[in-house]
Amino acid sequence: MLKTLEKALYAAADSSSGPFGCCLLYGEERYPHGFLQRGLNWLVERGVTLEVYDCSQISLQDFLVTAASPSLFAQRKIVHLINPDSYNKADLEKLLAWIETLSASDLVTYLFLSSFKLDGRSLLVSRLKKKFIVIKSEKLQPADVVPRLLKQAQSAAVEVDRRVLESLVHLHEANLPLLEQEFAKMALYVGPGGRIDQAVVDLLGVDRGGGNIFAFGDAVCEGRVVPALTILDGLQRARTEALLIVAMVARQYRLLSRATAPEYRGVSSSVLAAALKVPPFVAKKLAHQAKGMQPAACAAAFTVLRDADLALKTSILPKSIILERMVLKLVHLRQG
């Protein structure tokens, strides 16, 4: 998705010597829209003339007249049309007819359209995808996020432990804006030539105890009570939010419950990783934890986690006691 957007932006940058181009971005996921805007800003920095129109603020007739007029700054220009979903069907037909008649000799060399409200059944999507670039903005997957963070590390001249990076991406569910921000902090801390490893992550607290929460979840799911309680003590001393601890363990059990399903028993870690949409090293751990774990034990674990969540919100007991009881009950389920 982002690679296709990059392709469209590079084509727009070179559109003065190439054919007319058009790119439609639609869908509710915000990061790709922000990525497009940053790309358009990059075009402006390169000296490209960009005109932006909001369909909710300008009629189609006014837009067509204005777009067909030479810019005050350049004879050739790129246009970004926002919220085309604001136009009715008749106007959309006219807009499409105008787009289909544009050529390399026209004033507009490249047209970007973006909308949060359009869906795949819309007229613009169905017609434009036959000839131009049409992209649906969707949630980024870890496989898309990790290479971009590695590229960010290369630009900052720092090294990064890939396993630590994959753990952060997994913890924050491939939230690229958050990860980019936190990664920039770590890169600034270690400086050019430095290395980002788990010690740096723990020191800066950017993962909110996430690395230790993963280790905690592994210890609980594997029935290792002493390591689980030891890590829990460290999490609490680091002031990790108790509800976050419960939520992350619940997430681990959700993955584990799927890994124990009959259709996944005996499959390779790569197949399990693809099915659960987790990194291969996570799938490998889940496959190990799934051995000997009965589906009934997973179901009972969710009851324990629900009770812990409720107790943390309503009970007068110290949070440490509630969490320790949760650990003991979960380990007992595993060992039983």
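Everything below is about the structure shown above.
Please read all numbers here as calculations on a predicted model, not as lab measurements.

What counts and how
Residues numbered from 1 in each chain as written. Predicted model: local features only at pLDDT ≥ 70, side-chain atom pairs only at ≥ 80, totals over all residues. Heavy atoms only, no water. Helix = DSSP H or I, 4+ residues; strand = E, 2+ residues; numbered from the N terminus. Buried < 20%, exposed > 50% of the residue type's maximum accessible area, 1.4 Å probe, protein only. Contact = heavy atoms within 4.5 Å. Core = buried A, V, L, I, M, F, W, Y, C linked by side-chain atoms within 4.5 Å. Pairing = 2+ DSSP bridges. Axes fitted to C-alpha atoms, helices over the stretch in contact; angles between N-to-C directions.

(A) Main features of the side chain of Ser137. Following the sequence through the fold, Ser137 ends up in the loop between strand 5 (133-136) and helix 6 (142-155). Assessed through its relative accessible area of 4%, Ser137 is described here as buried. The contact partners of Ser137, leaving out residues within four places of it in the chain, are Met1, Leu25, Tyr26, Gly27, Glu28, Glu29, Pro32 and His33.

(B) Inspection of the nonpolar core at higher detail. By size, the foremost hydrophobic cluster in this structure holds 44 residues, and its most contacted members are Phe216, Tyr253, Met326 and Leu330. Elements supplying a minimum of two residues to this core: helix 10 (210-221), helix 11 (225-237), helix 12 (242-259), helix 13 (269-276), helix 14 (280-290), helix 15 (295-314) and helix 16 (319-335). Other than its neighbours up to four places away in sequence, Tyr253 contacts Val220, Cys221, Met293, Ala301, Phe302, Leu305 and Leu330. By size, the runner-up hydrophobic cluster in this structure holds 37 residues, among which are Leu2, Leu9, Ala187 and Ile196.

(C) Spatial organisation of the sheet that holds strand 1 (residues 21-26). Taken in spatial order, the five strands of this open sheet run 2-3-4-1-5, and their pairing is parallel. This sheet does not close on itself; its edge strands, each paired only once, are strand 2 (50-54) and strand 5. On average, each strand axis in the sheet is tilted by 15° relative to the strand beside it, whichever way the strands run.

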